[in-house]
Structures are given as structure tokens and as C-alpha cells.
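Here is what each chain is made of, one letter per residue.
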Amino acid sequence: MLDIEWPFATHMDFRGQKMAERLFQVIIVFFGLIGFLAGYMMQQFSMTIYSVLFGVLVSAFLTIPPWPMYRNNPVQWQKPIDSNGNKTNSSTKPSPKDVRKPKTKKDQ
């Protein structure tokens, strides 16, 4: 996996994802309705298509980049707890435990 340091934030929180999805839907429907009405009035189906494509471009510009308005509610992750119940440092990883069930005679 590539480990690239970007000079800008590349994440979006969960509420930001929901807001971006809703904004995308509203923009597409709005431009679809406007395009349908304009195409109907001008009797040009191409006008409807151009309007919808313009709406897709506008919504892509507003929802694909992780703008700061999509990062207002960061997720607070819990601290990891080791087997003794002590909170561990995030740089040290606890050793993995074998949580598999022992095989019985039926499983073999």
C-alpha cells in the first residue's frame, strides 16, 4: 500500500458523508427538474441532458472533495485496553489473542 503524505485533509466524518450524499441527491433532482422543464418548453431533449450533466458537475465539485464543512464532527475513538484493564498507548499494539474455540470431536 502506498504511504503518501498529502498536504491537505483527505477524510470526511460520518455526518459529513451523510450531508454530502443528501446535497448530491438534492442538486441532481433540482437540475433534473429544471432541465425537464427547460427541455419541454424549448422542445429540445438535449437541453434536458445538458442541464442534468451540468448538475452532475456541480454536485461532483461540491461533494467529492473533503471540504471543511464535511469535517465538523470528528469521531472520538476509544483508547485500546490491554488484558489487565489498563489503557495502552496508541503506538504499542497489544499482542493478538487466540480467540478460536477449541476443536471438539464433532468438528474433526
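Residues numbered from 1 in each chain as written. Predicted model: local features only at pLDDT ≥ 70, side-chain atom pairs only at ≥ 80, totals over all residues. Heavy atoms only, no water.

Caption draft 1: Structural context of helix α2 (residues 45-63). With 19 residues, α2 extends 27 Å between its outermost C-alpha atoms, agreeing within 8% with the 27 Å of an ideal straight helix rising 1.5 Å per residue. Every buried residue of α2 is listed here: T48, S51, G55, S59 and T63. In a view along the axis of α2, the buried residues occupy a sector of 85°, so they form one face of it. Exposed side of α2, more than 90 degrees from the buried face: Y50, L57 and F61 are the residues found there. Next to the buried residues of α2 lie α1 (14-42). (Helix = DSSP H or I, 4+ residues; strand = E, 2+ residues; numbered from the N terminus. Expected span 1.5 Å × (residues − 1). Buried < 20%, exposed > 50% of the residue type's maximum accessible area, 1.4 Å probe, protein only. Arc of directions from axis to C-beta. Contact = heavy atoms within 4.5 Å.)

Caption draft 2: How the structure looks around the environment of N73. Within the secondary structure, N73 is located in the segment after α2. Residue classification places N73 among the partly exposed positions, given a relative accessible area of 33%. Considering only alpha carbons, one finds N73 and F14, 59 residues apart in sequence, at a separation of 7.8 Å. If near-sequence neighbours (up to four positions away) are discounted, N73 is found in contact with D13 and R15.

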